[in-house]
Amino acid sequence: MNVFILNAGSSSLKYQLMNPVTKNVLAVGICERIGIDGVLKHEFGDGQELKIDVSMPTHKEAIELVLRTLTDGEGKVIDSIDDIEAIGHRAVHGGEEFASSVMVTEKVIETMKKLIPLAPLHNPANIMGMEICQELMPGKPNVAVFDTAFHQTMPDYAYMYALPYDQYTKHGIRKYGFHGTSHFFVSNEARGMLDKKHNTRIIVCHLGNGSSVSAVLNGKCIDTSMGLTPVQGLMMGTRAGDVGAGAISFMMSQEGMTINETLDLMNKKSGILGISGKSSDLREVLDGMQEGDDRCRLAVDMVAYNIKKYVGSYVAALDGVDALCFTGGIGENSALIREIVCAGLDGMGLNIDPTKNNKRSNKARDIATNSSAARIFVIPTNEEYVIASDTYKIVSGLEK
Ligand code: AMP
């Protein structure tokens, strides 16, 4: 079975064609600058690459181009669309309505539309992707895999904000959490790597451009750092993370900023970019630090300190820890961030081995010392596999 995986954003869409049973990836690609001009980057075969500059006025034209590229010409990997059995969609916000992946029906799309106020940038693009696939590939099953679903097991005392209760009942204001497919994949892999099979207490640090931490007890999420929206929690590439409400309202009044300007500043101009003044990309900021730039040094210190504080608080939330996992571009690649986060956590049973930590590999691995009470894992995430595998299970009736 080949599953077409689609991650539709507002001006870009990412795709993969994968067989979830063999885990064979036939093609990976991205359409960028949709509605502006348009460029398709398509990888296939043994690392061959194709770049097509072509006008993509709408998402429909972009998806049509992707399907043509998969089935015809230089980048062809399948004979026809008939070789795609199902489509798996990354969907951002499932609110409290979706605690697991679902077959896309009219009712599901209606519910996702009702959730648009919670994810005004993402849900409309996700819905558009679903409707276009239904139109271009009629009769093929579509499955929605929600970023928020894995976090739906959080207990009420973890997901509620201490606002008047009717803010929750009237508007659904609470923590939802994001990156759920990654937290699920990594915590599940970690469970498999542990000797212990019961009462597993796992902390996952998903550290990329967007970053979040989750606490996972026996495979179920009990807390996570992102909130109603992805701006809460850790300091990220361009997002501020946790900032006191008093600081935000004071900044708004001092600068005469509107709510939208404030959200734009907190989502797009803050975080690593805002502090370093140089880049949102940690690699460039690490280079800046090496060259003696003090604001780059500060950004790196803040990133690591923030992660460490969440790790400590989740050890408390889980009544201990069996495995701390690092994933995402930063978590998988930055030995320095892992080292600073773990420094001094021996008392919590987390003892990092510097040699193992500094060894580069793209495989899942344990970087704790042999005598460490808890394991420290680096686990490459694979959100696309979770989407393909959920799609396969739902479509073949293995999961309802
Ligand atoms: P992602 O969103 O998961 O693709 O992660 C992107 C982030 O990972 C960026 O901030 C990159 O700078 C960071 N990153 C990737 N490779 C490295 C590396 N070798 N060292 C430090 N940061 C890295």
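Residues numbered from 1 in each chain as written. Predicted model: local features only at pLDDT ≥ 70, side-chain atom pairs only at ≥ 80, totals over all residues. Heavy atoms only, no water.

*Asks:* Just give me the short version of the UniProt feature "binding site: Mg(2+)" (unreviewed entry) in the chain, but keep the residues and values in it.
*Replies:* As annotated in UniProt, the feature "binding site: Mg(2+)" (unreviewed entry) corresponds to Asn7 and Glu383 in the numbering used here. Spanning 377 residues, the named residues form one tight spatial group whose C-alpha atoms are at most 10.6 Å apart. Turning to its location among the elements, Glu383 is positioned in helix H15 (residues 383–395). Ignoring sequence-local partners within four residues, the contact set of Glu383 consists of Thr181, Ser182 and His206. Within polar-contact distance, the side chain of Glu383 engages the side chain of Thr181 at 3.4 Å. (UniProt positions renumbered as here; feature names shortened; annotations may be inferred. Helix = DSSP H or I, 4+ residues; strand = E, 2+ residues; numbered from the N terminus. Contact = heavy atoms within 4.5 Å. Polar contact = N/O pair within 3.5 Å; in protein donor to acceptor, adjacent residues only side chain to side chain.)

*Asks:* Account for the sheet that holds strand E4 (residues 39–44), naming residues and giving values.
*Replies:* On the basis of which strands lie adjacent, the open sheet formed by eight strands has the order E5-E4-E3-E2-E1-E6-E8-E7 and mixed pairing. Each edge of the open sheet is held by one strand with a lone partner, namely strand E5 (48–53) and strand E7 (102–103). Where strand E2 (residues 13–19) and strand E3 (residues 24–32) come together, seven bridges link them in antiparallel fashion. Considered in E3, the bridge of Lys14 is made with Ile30. (Pairing = 2+ DSSP bridges.)

*Asks:* Summarise the pairing of E5; cite the residues concerned and give the values.
*Replies:* In the sheet, E4 pairs with E5 via six bridges, with the strands oriented antiparallel. Note on E5: the bridge partner recorded for Leu40 is Ile52. Between the end of E4 and the start of E5, which pair antiparallel, lie three residues, with Gly45 showing a positive phi angle near 55 degrees.

*Asks:* Go over the site of the ligand, please, and point to the residues and values.
*Replies:* Residues in contact with the ligand, as listed here, are Gly208, Asn209, Asp281, Leu282, Arg283, Leu286, Gly328, Gly329, Ile330, Asn333 and Ser334. One nitrogen or oxygen atom from the side chain of Asp281 is found 2.4 Å from an oxygen atom belonging to the ligand. Look at the ligand: alone it shows 500 Å² of surface, and the protein chains cover 75% of it. If you list the elements that add at least two residues to the shell around the ligand, you get helix H10 (282–290) and helix H12 (328–333). Sorting elements by how many residues they give to the shell around the ligand places H12 first, with four residues. By residue class, the composition of the shell around the ligand is three nonpolar, six polar and two charged. (Near = heavy atom within 4 Å. Areas by Shrake-Rupley, 256 points an atom, 1.4 Å probe, with all protein chains shown as cover. Nonpolar A, V, L, I, M, F, W, Y, C, P; charged D, E, K, R; others polar.)

*Asks:* Go over the pattern of salt bridges, please, and point to the residues and values.
*Replies:* Inspection of every chain in the model, using the stated rule, returns 16 salt bridges. The shortest N-O distance in the salt bridge between Glu32 and Lys41 comes to 3.0 Å. Given the relative accessible area of 26%, Glu32 is considered partly exposed. Given the relative accessible area of 36%, Lys41 is considered partly exposed. Several salt bridges converge on common partners, so that one network encompasses Lys196, Arg201 and Asp322. (Salt bridge = Lys/Arg side-chain N within 4 Å of Asp/Glu carboxyl O. Buried < 20%, exposed > 50% of the residue type's maximum accessible area, 1.4 Å probe, protein only.)

*Asks:* Go over the sheet that holds strand E12 (residues 323–327) with me, naming the residues and quoting the values.
*Replies:* A sheet is described by the order of its strands in space; here six strands give the open sequence E11-E10-E9-E12-E14-E13, paired in mixed fashion. Across the chains shown, the open sheet's two edge strands, defined by having one partner strand only, are strand E11 (220–224) and strand E13 (365–366). In this sheet, strand E10 (residues 211–217) lies alongside strand E9 (residues 201–207) in antiparallel orientation, the contact comprising seven bridges. When the sheet's bridge partners are listed, Leu207 is paired in E10 with Ser211. In the packing of helix H6 (residues 180–193) onto the sheet, the strands contacted are E9, E10, E11, E12, E13 and strand E14 (375–378), and the crossing angle to E9 comes to about 135 degrees. Here helix H11 (residues 294–317) sits on the sheet and contacts E9, E10, E11 and E12; the angle it forms with E9, its principal contact strand, is near 160 degrees. (Axes fitted to C-alpha atoms, helices over the stretch in contact; angles between N-to-C directions.)

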